[in-house]
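# Tertiary structure, described
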Amino acid sequence: MISGIFWPVFVFSAIALFVIGTAYRVLSLSRQPVHLRWELSPIPHVKGRGSYGGSDFEEFEWWKGPRRRSLLAPLAYMAVEIFLLRSVFKNNKRLWPFSLGMHLGVYLIILTAPLYVAVAIILAGGMPSSDTNSLREVTYVLGVTGYLLGISGVLGLLVLRSVVNDLRSFTSASGYFNLAFLGAVFLSGINACLSLPDFTGTVGQYAKDLITLDPTISIPFLLSLHVIISILFLIYLPWTNMSHFIAKYFTYHSVRWNDAPRDAKMDTELRRLMGRPVSWSAGHVQADGDRSWIEIATEKATDEKTP
Amino acid sequence: MKKRLKLTDISREEDSQLTEIVPDDLIPLPAPYDKPGWPADFQQLTADQQQRLVCNLDGFVALGLPRPRNEAEEKKYTELFISGMNKLLSRENNWTFLQPLLLSLDYCARCQTCNDACHVYVASGKNDLYRPTYRSEIFRNLVSRHARRRGKLRGIFGGKNVDLNWSTISRLYELSYRCNLCRRCAQACPMGVDNGLITREIRKLFSQELGWAPQELHEKGTVLQLKVGSPTGMSPDVLRDNVAFLDDDFSTSIGFNVSTPWDKEGADVLLIHSAGDILSFPESPAAFSILCQAAGIDWTLSSEIGGYDGVNYGLFYDDIQLARIAVRHAETARKLNVNKIVMGECGHQHKALMTVADRVLTGDLNIPRESAMTFLEDIVFSGKINFDPSKNDFPVTLHDPCNIVRNLGIVGPQRRILRYLCPQFREMMPHGVDNYCCGGGGGFSVMSGVNFTNWKVNIAGRMKFKQVLEAFSDRPGPEVKKYVCAPCLNCKLQFRDMFSYYRAGEKSGIKCGGLAELIVNAMADIKQAFISWEE
Amino acid sequence: MPQMDLAGQKYEVDEHGFMQETSRWTEDVARAYASLENVKELTADHWKAINYLRSYYLQNGICPMVRRLIKETGFTLKRLYDLFPNGPAQSACKWAGVPKPTGCV
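Owing to the predicted nature of the structure, the values given are computational and were not obtained by experimental measurement. (Residues numbered from 1 in each chain as written. Chains lettered and ligands numbered in written order. Predicted model: local features only at pLDDT ≥ 70, side-chain atom pairs only at ≥ 80, totals over all residues.)

For chain C, the count of helices and strands is five helices and two strands. N-terminal to C-terminal, the α/β element order of chain C is β-β-α-α-α-α-α. For 105 residues, the compact-globule formula gives about 13 Å, and the C-alpha radius of gyration of chain C, at 13 Å, lands near that figure. Structurally, chain C occupies a C-alpha span of about 35 × 30 × 20 Å along its principal axes. The buried share of chain C, reckoned over its 105 residues, is 37%. Across chain C, every contact between residues at least 6 apart in sequence was considered, and the portion connecting residues at least 24 apart equals 49%. (Helix = DSSP H or I, 4+ residues; strand = E, 2+ residues; numbered from the N terminus. Rg over C-alpha atoms; globule rule 2.2 N^0.38 Å. Buried ≥ 20, exposed ≤ 12 C-beta atoms within 10 Å, placed from the backbone. Contact = placed C-beta atoms within 7 Å.)

Structure, rendered in structure tokens:
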């Protein structure tokens, strides 16, 4: 049985890798240059108008008025989008129940993580295991629900993706693999959950041993299977398009809802970007690899090109 | 039963069409439009055209790309396509849309949630070719293998490799002009992936790297505009002459002395019409002149090249041309020293100048830019003009131009005007930011290609035409005159083409026009009817 | 560039059959176009519109506004459609040998 120093090394380096991967994603997305405005209604942060898709431009001489912003509305909008999958519900009823199941499964399992840590802390504080009973019951219910929802969601999605023509022709090997991988996380989870006599207690104890770096750490095979699969998934996640949980922030805030007027900082960046050489090949662009974007864009005459 | 299309079909080397569009597949229209005249009135390609031009997509040809002369030419363009993909992903060449493009390329979940939001896809009877994800996924596949690091690995793991050859790029070129760029699919996407943007980036690659663009948008569009002043070919002299003619003509016909001011320095407002309105819908610029005059606005038109045609086809296919034209617009306003530029009733002008070009118009080019909708609303409710809404007592419905409504969030002003001035105003369903495109978006309303008009009126515009008929279903007969208010020239052109194709004037009494015309038609001080129902 | 046979001569045209070499236009070309649209004979009214369109085009580089055409010829729009089956832009301009109007028109 795997035991001892392997566990903390494995788990903590995996978490570190996940954090690094996620940070890499965030950085590579946030470090993209400022782009031209490309917003799309509705923009919920527009106070008093966002609900029907209106913007500041509805105001006569809009540049004179205050830009009234709602802090709450975008949060509420995103909450419904993230927790209930509004867009999928509105536009893809067939997929929605399964996608929702899968996502809720993930959310619930994520929710159990801090609860296990709480159990671990209580145990590490020397309290008797019985003090964590109610906490573990709650965790158990959340976990089982999460695993079951997750499994049914993943199964449903796998079936839909392999049966429905529209989805099948767009699903690649990695698409199935990602789903199956996530399914394995849920499946190993429910398996351990239902097979072990005291699942949450065992996990809690395990978490405590991890935190305290206990060299005698040891867990049943079924749980180690679940932990290993889950941890591998965690490492893998940021490098796939399942990392849309990161990208979604940018697609909404940096593109769809980005109605920010220019400011001094943006102007500096724009000047820098426009000052760099362009190398497009078409004749009318008149780029030679030396002339900058701004020189080209303020060009007076253009030649004809042959189609 | 329709044939299923695979992603890899796009690179099929034989010179065959990928799909055939037959009337029975399309979503049905209400009577009396339920029996298609098509294919009887469908313009088949001639043998000569098939010989000369690439026509390997769906039986329609928008672009008229000449067939390659030899393999070397095929190879040259295929290589340019690869270098173009790389440039699309580079900061120097594509800072303008790099972040949105990367987000849309990398995070599609292939869930097809966007599909049914697309009017083209749905109206076609769900033809695989028009699925908003079809061209995006092909492009994504090509980019990941030819323009990204780890391309090989992605290729193996991602599966479904699309070959890159002449067939692929020539089909993809034509296919990038089967999307109206309306972005309704982007609204539907849970991830915020934007297939409209990807389509535009594909067009841009073709234009900026291969030098391929529709004639109507490029040579006879942006190039002509930068050279002569307008894609219509109207030079400053012809422009002034035409507007003077209209001033005179309308003054006589409605008994209201109209006089349009020119190049007035220091005016409060520089109004930039879409110049095609002057030629095709002259009631619109005339109505603006009448309203500005009646409301005592300190305004002017410009007769300088770059200052009298608000269109900017660059928005549809090319960033460089987009920027060149936007800069010219702003320069005109700066020279005239006006307080603000007011858009004409033209959707893509609104979007191009008000937001997309915002980050290009730096320094003193940043002149405030106002929508025609708020400008007109301010006039209507200023109390300076007396209205008699009973003059507009006919059914009116409102079309929401995607670029003004979905893309800029200007929803309310035009509705407040219509609710006040048109007693029989009714909405289409859906409307507002959930509207359907008219089918002329993305440059299509000025493109006729070889037989592209057939596609525009039968497929791209089908959903909209159905919506219009449904909005008027309580008064379907031709004896009841009905007005589709479309405050955008490109939309009006598409409606004109559709209504003439379906003979909707004759069969249903439907006419299309702008917003300003309805306002003038309701002016109490003008005795003559401004809107004419004569076809 | 496609070619088209009109009145026994070859002409460069666009994909919709509009002449590209306006200077090579003759009255026979107009008749040939008309017969393709099943108009057997060109009347004085036809010529009035065609000649006006042509001279306006040669002077200004674009086709006149329909409103101006109506005013100058004295024909109603309906009359113009009677004379030119596909209307002033699609038929009359074509018969007059000038390029197809483009650019938001």
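Now that the structure has been shown, the text picks up again.
With two pairs of chains in contact, the largest contact count belongs to chains A and B. Without any contact between them, chain A and chain C keep their closest C-alpha atoms 12 Å apart.

This part takes up the sheet that holds strand 7 (residues 482-485) of chain B. All names here are of chain B. Taken in spatial order, the four strands of this open sheet run 6-5-7-8, and their pairing is parallel. Edge positions in the open sheet fall to strand 6 (425-426) and strand 8 (510-513), since each of these has one partner strand only. Two elements, strand 7 and strand 8, share four bridges in a ladder whose sense is parallel. Looking across to strand 8, one finds that V484 is bridged to C512. (Pairing = 2+ DSSP bridges.)

Right, let's get into the domain arrangement of chain A. By a widely used convention, the size of an interface equals the accessible area lost when the partners come together. Domain annotation of chain A identifies domain 1 (6-33 + 85-256) and domain 2 (265-297). With centres defined by C-alpha atoms, the gap from domain 1 of chain A to domain 2 of chain A works out at 45 Å. (Domains from an automatic or database assignment.)

Angle between the axes and distance between the axes: these two values describe a pair of packed helices. Residue and element names in this part refer to chain A. Two elements in contact, helix 1 (residues 6-30) and helix 9 (residues 221-236), have axes whose closest approach is 8 Å; the angle formed by their N-to-C orientations is 25°. Put simply, helix 1 runs roughly parallel to helix 9. Both helix 1 and helix 9 take part in a crossing whose hand is left-handed. Across from F10, V11, A14, L17 and F18 in helix 1, the residues of helix 9 making contact are I231, L234 and I235. (Axes fitted to C-alpha atoms, helices over the stretch in contact; angles between N-to-C directions. Parallel < 35°, antiparallel > 145°, perpendicular 65-115°, else oblique. Left-handed = near helix turned anticlockwise from the far one by under 90°.)

To continue, consider the interface of chain B and chain C. The interface is formed by 31 residues belonging to chain B together with 15 residues belonging to chain C. Going through the elements one at a time, helix 1 (47-52), helix 11 (218-228), helix 12 (236-254), helix 13 (276-280) and helix 22 (489-502) of chain B are the ones with two or more residues in the side of chain B that touches chain C.

Residue and element names in this part refer to chain B. The geometry of helix 2 (residues 71-88) relative to helix 10 (residues 195-210) is characterised by a closest axis approach of 9 Å and an angle of 120° between their N-to-C directions. Classed by the angle they form, the pair helix 2 and helix 10 counts as oblique. For helix 2 against helix 10, the interelement crossing comes out right-handed. Here Y77, L80, F81, S83, G84, M85, K87 and L88 of helix 2 lie close against helix 10, whose contacting residues are E201, L205, E209 and L210. For the contact of helix 2 with helix 10, a count of residues per class yields seven nonpolar, two polar and three charged. (Nonpolar A, V, L, I, M, F, W, Y, C, P; charged D, E, K, R; others polar.)

Counting 260 residues, the largest nonpolar core has B:L291, B:A326, B:L376, B:I519 and C:L53 as its most contacted members. Of all the elements, helix 4 (residues 96-124) of chain A adds the most residues to this core, at nine residues. Among residues more than four places away in sequence, those in contact with B:A326 are B:N312, B:A352, B:L353, B:A357, B:V360 and B:L361. (Core = buried A, V, L, I, M, F, W, Y, C linked by C-beta atoms within 7 Å.)

The subject of this paragraph is the pairing of strand 3 (residues 340-343) of chain B. Regular strands have side chains that alternate between both faces of the sheet. All names here are of chain B. Both strand 1 (residues 269-272) and strand 3 contribute to a ladder of four bridges, which runs parallel. Residue L271 lies in a different strand from strand 3, and its bridge partner there is V342. Pairing of strand 3 with strand 4 (residues 369-370) involves two bridges; the strand directions are parallel. Counted as the bridge partner of I341 is R369 from strand 4. Handedness of the crossover joining strand 3 and strand 4 through helix 17 (residues 347-355) is recorded here as right-handed. (Right-handed = clockwise from strand over helix to strand, strands pointing away.)

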